[in-house]
Amino acid sequence: MKVVSALLLCALCFLGLDAQCPEPNTLKDAEGKKICARMFEDSNYYYEQSCGGEYIDAYPNDDVPIIPWRWNNRISSLVVNKMCSLTVWSRVKKNGSKRKFSSGIVYRLKDVQQGLLGSWENDISAYYCVC
Ligand SMILES: [Ca+2]
């Protein structure tokens with residue numbers, strides 16, 4: 001019985017353990033084309049397990065005032081390529097709060113303050129990426 005529980009626990013503990021944020025200067029799509037920023041569905045309080053789940057790529061000069069609906073208010077972590085910057089808005093059509101991220105890894109948008117009490121967790125609705 002102990003073995004079974006241990007196995008079950010392990011099965012659970014390995015879920016989502018494979019995620020790891022890519023280094024900013026390695027951001028490329030499957031064809032080797034440069035990506036401006038990669039935005040992920042999940043984050044984790046263990047930084048090495050952040051950048052999990054599905055992701056959406058922004059290419060250089062992508063101007064997206066209305067994010068695809070299935071990505072609206074869903075992004076929880078992101079990586080911005082070297083020499084690039086990603087500007088995001090909390091409401092579609094570039095309304096609401098605005099924030100600019102320069103090159104680097106944002107492990108948890110939950111830790112990025114928005115306004116007095118809020119955060120950017122699951123709150124991106126528009127973006128503009130430039131390199
Ligand atoms: Ca999310």
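Please refer to the structure placed before this passage.
For clarity, every value in this text was computed on a predicted model and none was experimentally measured.

The next subject is the overall build of the protein. Scanning the protein from terminus to terminus reveals 1 helix and 8 strands. Along the protein, helices (α) and strands (β) appear in the sequence α-β-β-β-β-β-β-β-β when read from the amino end. In the protein, of all internal contacts separated by at least 6 residues, the share reaching a separation of at least 24 is 66%.

On to the nonpolar core. Within the largest apolar cluster, 27 residues are counted, with the highest numbers of intra-cluster contacts made by Ala37, Ala58, Leu78, Leu86 and Tyr127. In terms of residues, this core owes the most to one element, strand E4 (residues 77-91), which gives 7 residues. Setting aside anything within four residues of it in sequence, one finds Ala58 in contact with Ile35, Cys36, Ala37, Met39, Leu86, Tyr127 and Cys129.

What follows covers the environment of Ser50. Topologically, Ser50 is positioned in the loop between strand E1 (37-42) and strand E2 (52-58). Sequence separation of Ser50 and Cys21 is 29 residues, and the distance between their C-alpha atoms is 6.1 Å. For Ser50, the contacting residues outside a window of four places in its chain are Ala19, Cys21, Ser43, Asn44, Ser77, Tyr107 and Arg108.

What follows concerns the pairing of strand E5 (residues 95-106). In this sheet, E5 lies alongside E4 in antiparallel orientation, the contact comprising 9 bridges. Looking at E5, one finds that Leu86 is bridged to Phe101. What sits between the antiparallel neighbours E4 and E5 is a turn of 3 residues, in which Lys93 has the positive phi angle 60 degrees.

Conventions we followed
- Residues numbered from 1 in each chain as written.
- Predicted model: local features only at pLDDT ≥ 70, side-chain atom pairs only at ≥ 80, totals over all residues.
- Helix = DSSP H or I, 4+ residues; strand = E, 2+ residues; numbered from the N terminus.
- Contact = placed C-beta atoms within 7 Å.
- Core = buried A, V, L, I, M, F, W, Y, C linked by C-beta atoms within 7 Å.
- Buried ≥ 20, exposed ≤ 12 C-beta atoms within 10 Å, placed from the backbone.
- Pairing = 2+ DSSP bridges.

Just distances and angles here, no functional claims.
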